[in-house]
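Structural characterization, general
These are the residues of each chain, in order.
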Amino acid sequence: MKRIVLIGNPNVGKSVVFTRLTGVHAIASNYPGTTVEFMSGQMLFQGKRAQVIDAPGMYSIEPACKAEEVAATMLSKADLVINVVDATNLERNLNLTLQLVEKGLPTVIMLNMWDETAHRGIKIDVEKLAARLGCAVVPTVAVTGEGIKQAIDALEAAPERSLRSIGEGERWKAIGEIISEVQSLTHHRHTLRQRIEDVALNPVGGLFIAAIVLVASFAIIRAIGEGLIRHVFDPLFELARGPLESLSAAIAGYPFLHDVLIGRLVDGQIDFGHSFGLLTTGFYIEIAAVLPYIIGFYLVLGFLEDLGYLPRFAVLLDRTMHHMGLHGYAIVPHLLGLGCNVPGIMATRNLESRRERFIAITLISIGVPCASLQAMIIGLVGARGLIYVFTVYFIIFLSWLFTGLVLARLVKRGFSPEHIIEMPPIRWPNASAFMKKFWMRTMYFLKEALPVVLAGVLVVNLLYAAGAFEWVAAAASPVVERLWGLPREAVVSMAMGFLRKDIAMGMLSPLGLSTRQLIVATVALAMTFPCVATFVMIAKELGLRLLMLSTIIMLIVAITAGALSNLALSFLM
Amino acid sequence: MLRDFCTSKGLHKSGVREMILLKFLSSEHHITAAEFWEKLKKDHRSLDLKTVQSALCLLVGAGLARELRLEDGSLIYEHAFAHRHHDHLICRRCGEMIEFANPDIEELQEEVAGRHGFVVEDHTLSLYGVCSRCAKKAVKEPLSALSVEEELTPLEKLKPGQRGVVRRIDGGRGIENRLAAMNIRPGKLITKISAMLMGGPVVVSVDGRQLAVGHGMAGKIMVGGPWS
């Protein structure tokens, strides 16, 4: 099977092209480095099946970070190359293009974002460019699919070419010649878009905008989440109450089965939050408590991503992040981690050094509660008062900050604050691409989360029945009872946290905790072991040895933070 | 020796010429005719530049001196008598000339000439550049740098909104290549947009694209006019 590899600078639209070619949905956003791992799919090529690979973006054939290494490896295995080029930034893109052409593989060049060239006053002579490069050049608009078919036709006809080597020093000269021959620019005035781009990066105005964006984001996510719960999901579950209660009556004769499926009745009724049966709390937590916030979060995040705002946020925070041994760009994995830690940890591949990745991953798993957990924090702690929600966030933030400061000093070696990041142009999100991404992420959440939650509820019920928790509770009681001031049953919730944080939070609710205990338990839960999916991801990214190290740090921080906040709160409350 | 040469060429030797030869042999290594004349004038008021020039030409003809034509067209003389053949490194900033001889280069020359069926009788090889002393000075005072023609400013010192042309990257090849791949390289128009507070990154615009460059790296990007 022939292997076709999509190669190009970061943020030129490779993933959109990939989705067009294969029908496999790849997450695409408007900032460099969305793809950190290659994706593979298939398409019909020359009447046969061919493998298509979406490689991470690269500026040059010589890799500068892990994601670029992946791209270089993919390139070395390519039979044919599709070079996706940003038509609005031809000169810079040609550097990679010329390096690719030198390889002599059958290549087609997609001049992507062709629609944007017109209103930027850019004119490109496509035929002349093709003649100069010695391979087919096709203008495309990947988001609408324009030109994609012609490009594939051209690739099918593309010949194997003889190697043509241009030296490093001469490449820029060659590019200069090509550009002056094929491209003409008409001067255009400062547009509104440019003005917004400039203000967003102003050291003062930018911070002001960032603050507004953050506050607005949280407000919108909460509004969407609560709106959905109140008007859609709660009424939905009320509809299910009737059938479930008749089921409950029907199986009342089998206490074990009743416990597993329906759970304990509260005042003779099913309580979706507390009953803790598979069909009651199991579904309710995921669907009615967590999913609404996930929807809100991914709508807002997706919008900010496609707008091109996130890297600007990173630049504003760069200086602050240096104190934690990180580049400003490390804020992007953090933000992704707010949805789910797994994609957040994967996104650290854009960071340059292994050391920086270690710090970022450890910090994300300690200090970035995922959307599922946050939904439960807002639901459960928020019921006691909004001020307590802020208290929880504040404690987690302090722990994150402190851990970062200490880590940066402990693993100082090899930090180079020198970094260049490209700012994507601010552009209005494409509606269909935006919805597609949102849909993918939501479905991913349901597919990943729901089975684990249901299995988790089942396991907990079985273990309860078997009395296994008594043993765990006894082992962990010095920390849980003495240091954190929590009842020993809370251990069960902590253990459950290893499977899923949201369900673990749900298990705290029937314990009748005081507000202080609830805050301490929430903080401890948020910072101890990440869920098992995150754990596996960390092991994959860092290896077992660093995973252990990261876990030890995590435990120390969680135990300390839990104990200190217990102590501090006992004076305050 | 000069006497022998003069006789063989049928020229009469003069006291002046002998004096010039002796002075030349006792003088410093590299000198232009004008400089040499200035020196001689102190003791020999009547001497004129033309006499000195023709005398030096004679010395070159006699194989006692060698003539070196510099980039700017001026001629420089050095003695050839009792000196082994050597080539020159010439500093463009301070004019320092360093002599060197490298058998590999000599051999290579013969080889190249041989390939063309060419017989080498004589040659001069001058490499132009910056001597180590001037290079060191440039690192210490980047502003006055190596620029003879114009003053360059590091990118970080530009005012927000100011536009200039990238002239040079003061960094290793690695940095140079990375910047080049992002379209920051000599000859490109660059606009500084802003700089984050307390030594944060510097935001620039090249070809209508914004790039955030680390503070330290921004100091290595030297920008010159025309400004706008």
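Residues numbered from 1 in each chain as written. Chains lettered and ligands numbered in written order. Predicted model: local features only at pLDDT ≥ 70, side-chain atom pairs only at ≥ 80, totals over all residues. Heavy atoms only, no water.

For chain B, the count of helices and strands is eight helices and 11 strands. Expressed as a percentage of its 228 residues, the buried residues of chain B come to 38%. Of the roughly 13000 Å² of accessible surface on chain B, 55% is carried by carbon and sulfur atoms. (Helix = DSSP H or I, 4+ residues; strand = E, 2+ residues; numbered from the N terminus. Buried < 20%, exposed > 50% of the residue type's maximum accessible area, 1.4 Å probe, protein only. Areas by Shrake-Rupley, 256 points an atom, 1.4 Å probe, with all protein chains shown as cover.)

Next up on the list: the sheet that holds strand S6 (residues 153–154) of chain B. Backbone-to-backbone hydrogen bonds pair the strands of a sheet. The strands run either parallel or antiparallel. On the basis of which strands lie adjacent, the open sheet formed by seven strands has the order S9(A)-S10(B)-S9(B)-S8(B)-S7(B)-S11(B)-S6(B) and antiparallel pairing. Each edge of the sheet is formed by a strand with only one pairing partner; in this case those strands are strand S9 (420–423) of chain A together with S6 of chain B. (Pairing = 2+ DSSP bridges.)

What follows deals with the confidence of the model for chain B. Residues and elements named next belong to chain B. For chain B, mean pLDDT is 78; residues scoring 70 or higher make up 84% of the total. For chain B, the element scoring lowest by mean pLDDT is helix H1 (residues 2–9), at 57; strand S9 (residues 202–206) scores highest, at 92. This model gives residues 142–147 a pLDDT under 50, and the stretch forms 13 contacts once residues within four places in sequence are excluded. Interface scoring of the predicted complex returns ipTM 0.78; its pTM is 0.73. (pLDDT = per-residue confidence, 0-100. Contact = heavy atoms within 4.5 Å.)

With that settled, the discussion passes to the nonpolar core. Residues and elements named next belong to chain A. Ranked by internal contacts, the top residues of the largest apolar core, which has 126 residues, are Tyr 309, Val 315, Trp 484, Leu 486, Met 505, Leu 508 and Met 527. Element by element, the count of residues in this core is highest for helix H11 (residues 278–307), at 16 residues. Among residues more than four places away in sequence, those in contact with Leu 508 are Leu 380, Ser 493, Leu 513, Leu 518, Ala 521 and Leu 525. Counting 25 residues, the second-largest nonpolar core is a separate cluster that includes Val 17, Met 43, Val 108 and Leu 155. (Core = buried A, V, L, I, M, F, W, Y, C linked by side-chain atoms within 4.5 Å.)

What follows covers the domain arrangement of chain B. Residue and element names in this part refer to chain B. Once the domains are mapped, chain B shows domain 1 (1–83), domain 2 (90–142) and domain 3 (145–224). Contact residues are listed per partner, giving 10 residues for domain 1 and nine residues for domain 2. Across the domain 1/domain 2 interface, buried area totals approximately 730 Å², and carbon plus sulfur atoms make up 55% of it. The interface formed by domain 1 and domain 2 contains zero salt bridges. (Domains from an automatic or database assignment. Buried area = accessible area lost by both parts, 1.4 Å probe. Salt bridge = Lys/Arg side-chain N within 4 Å of Asp/Glu carboxyl O.)

Residues and elements named next belong to chain A. Per the counting criterion, the structure on display carries seven aromatic pairs over all chains. Ring geometry for Phe 272 versus Tyr 284: centroids 5.5 Å apart, planes at 15°, classification stacked. With a gap of 12 residues between them, Phe 272 in the loop between helix H10 (255–261) and H11 and Tyr 284 in helix H11 connect regions that are remote in the sequence. Take Phe 272 and Tyr 284: they sit in the same class, and that class is buried. Ring centres of Phe 303 and Trp 428 lie 5.5 Å apart, and the angle between their planes is 80°; this geometry places the pair in the edge-to-face category. With Phe 303 in helix H11 and Trp 428 in the loop between S9 and helix H18 (431–466), this residue pair connects regions lying 125 residues apart in the sequence. For Phe 303, a relative accessible area of 29% translates into the label partly exposed. (Phe/Tyr/Trp six-rings, centres within 6.5 Å; stacked < 30°, edge-to-face > 60°.)

Quick look at the pattern of salt bridges now. One pass over the structure, following the stated rule, counts 26 salt bridges over all chains. Glu 91 of chain A serves as the salt-bridge partner of Lys 188 of chain B, at 2.7 Å between the closest nitrogen and oxygen. Of this pair, Lys 188 of chain B sits in the loop between helix H7 (173–181) and strand S8 (189–195) while Glu 91 of chain A sits in helix H3 (residues 90–103), which puts the two residues in different chains. In this structure, Lys 188 of chain B and Glu 91 of chain A share a single accessibility class: buried. The salt bridge involving Arg 120 of chain A is made with Glu 116 of chain A; its shortest N-O contact spans 3.5 Å.

A cluster of nonpolar side chains, Phe 498, Phe 529, Val 532, Val 536 and Leu 555 of chain A, forms an exposed patch at the surface whose accessible area comes to about 350 Å². For Phe 498 of chain A, a relative accessible area of 30% gives the class partly exposed. (Patch = residues over 30% accessible without salt bridge, like charges linked within 9 Å, V, L, I, M, F, W, Y side chains within 5 Å.)

All names here are of chain A. If you trace the six strands from one edge of the open sheet to the other, you get S2-S3-S1-S4-S5-S7, paired in mixed fashion. Lying at the two open borders of the sheet, with one neighbouring strand each, are strand S2 (39–45) and strand S7 (136–139). For this sheet the average axis-to-axis angle between neighbouring strands, irrespective of direction, equals 25°. Lying over the sheet, H3 contacts strand S1 (2–8), strand S4 (80–86) and strand S5 (107–112), oriented at roughly 170° with respect to S4. Here helix H5 (residues 126–133) sits on the sheet in contact with S5 and S7, set at roughly 150° to S7. (Axes fitted to C-alpha atoms, helices over the stretch in contact; angles between N-to-C directions.)

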